[in-house]
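For reference, the chains in residue letters:
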Amino acid sequence: MEKEQPKYYENVYDVVRLIPSGKFTTYGSIADFLTLGSARMVGWALNQALHLGDVPAHRVVNRKGELSGRMHFSTPTLMQELLEAEGVQVVDHRIVDFDEHYWSPTSLLD
DNA sequence: ACCGTGACGTGTC
DNA sequence: TGACACGCCACGG
C-alpha cells in the first residue's frame, strides 16, 4: 500500500496551484501562510510535487528571488524557461522585478 | 534511535 | 552590503 502523505503537503500543492500565471511566491510566504514553522518543508513538498506533474513548482522561489530549485527540474534551465515563457524576466537565475511579479498567498483571504 | 543533509529565513558581524 | 552562524523540521542511511 502506498504511504499516505502528510496533510500539509496537499496544502502546499493547493496554494502553489493557485499562483496566477506570470506571478510567483516564496517558500517563506507559503510556510507562514500555512504556519508550517519552517520554509524547508515547502521545499521538500515541492520536490515531491515535481513528481506529481500537476503543480507549477517553478513559480516558487526563495526570498531573494533566486531559482534555487532549478537543479531539481528535468533540466537546470527548465525553471527559468518556464518563468520567462510566462512573462517573468530572469537574469543570472534571479527574478529581475521581484515586487512587480510577486504574489502573496494572503491574496486568497480577500 | 542517532546523525547528516536539504528547492529556507532571520539575526549578527 | 555581503558573508557567516544558527534555528527550523522532515527524511534517508
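Scroll up to find the structure.
Residues numbered from 1 in each chain as written. Chains lettered and ligands numbered in written order. Predicted model: local features only at pLDDT ≥ 70, side-chain atom pairs only at ≥ 80, totals over all residues. Heavy atoms only, no water.

A.B. asks: Help me out: how do you make sense of the side chain of Ser 29 in this one?
C.D. replies: With respect to the element layout, Ser 29 can be found in helix α2 (residues 27–33). A polar contact is formed between the side chain of Ser 29 and the side chain of Thr 26, at a distance of 2.7 Å. In contact with Ser 29, not counting residues within four places along its chain, are Tyr 102 and Pro 105. (Helix = DSSP H or I, 4+ residues; strand = E, 2+ residues; numbered from the N terminus. Polar contact = N/O pair within 3.5 Å; in protein donor to acceptor, adjacent residues only side chain to side chain. Contact = heavy atoms within 4.5 Å.)

A.B. asks: Even after reading the chapter, I still don't get the side chain of Ser 104, so can you show me in this structure?
C.D. replies: Tracing the backbone shows Ser 104 in the segment after α5 (98–101). We classify Ser 104 as buried; its relative accessible area is 18%. (Buried < 20%, exposed > 50% of the residue type's maximum accessible area, 1.4 Å probe, protein only.)

A.B. asks: I would appreciate a short explanation of helix α3 (residues 40–52) in the present structure.
C.D. replies: What sets the pattern is the α-helix's 3.6 residues per turn: residues three or four places apart point alike. Here α3 spans 19 Å end to end across 13 residues, near enough to the 18 Å set by a 1.5 Å rise per residue. Lining the buried residues of α3 we find α1 (7–17), α2 and β2 (60–61). Just downstream of α3 lies Gly 53, where phi reads positive at about 95°. (Expected span 1.5 Å × (residues − 1).)

A.B. asks: I would appreciate a short explanation of the protein's contact with DNA strand B in the present structure.
C.D. replies: Taken together, 17 residues form the shell around DNA strand B, and within it Tyr 27, Arg 40, Trp 44, Arg 63 and His 72 come nearest. Of what DNA strand B places within 4 Å of the protein, 48% of the atoms are sugar or phosphate. At 2.4 Å from a base nitrogen of DNA strand B is found a side-chain nitrogen or oxygen belonging to Tyr 27. Contacts to DNA strand B include Gly 28, whose backbone N or O atom sits 3.2 Å from a phosphate oxygen. Contributing elements (two or more residues each) for the surface near DNA strand B: α2 and α3. In terms of residues, the surface near DNA strand B owes the most to one element, α3, which gives six residues. When the residues that make up the surface near DNA strand B are grouped by side-chain class, the tally is eight nonpolar, seven polar and two charged. (Near = heavy atom within 4 Å. Nonpolar A, V, L, I, M, F, W, Y, C, P; charged D, E, K, R; others polar.)

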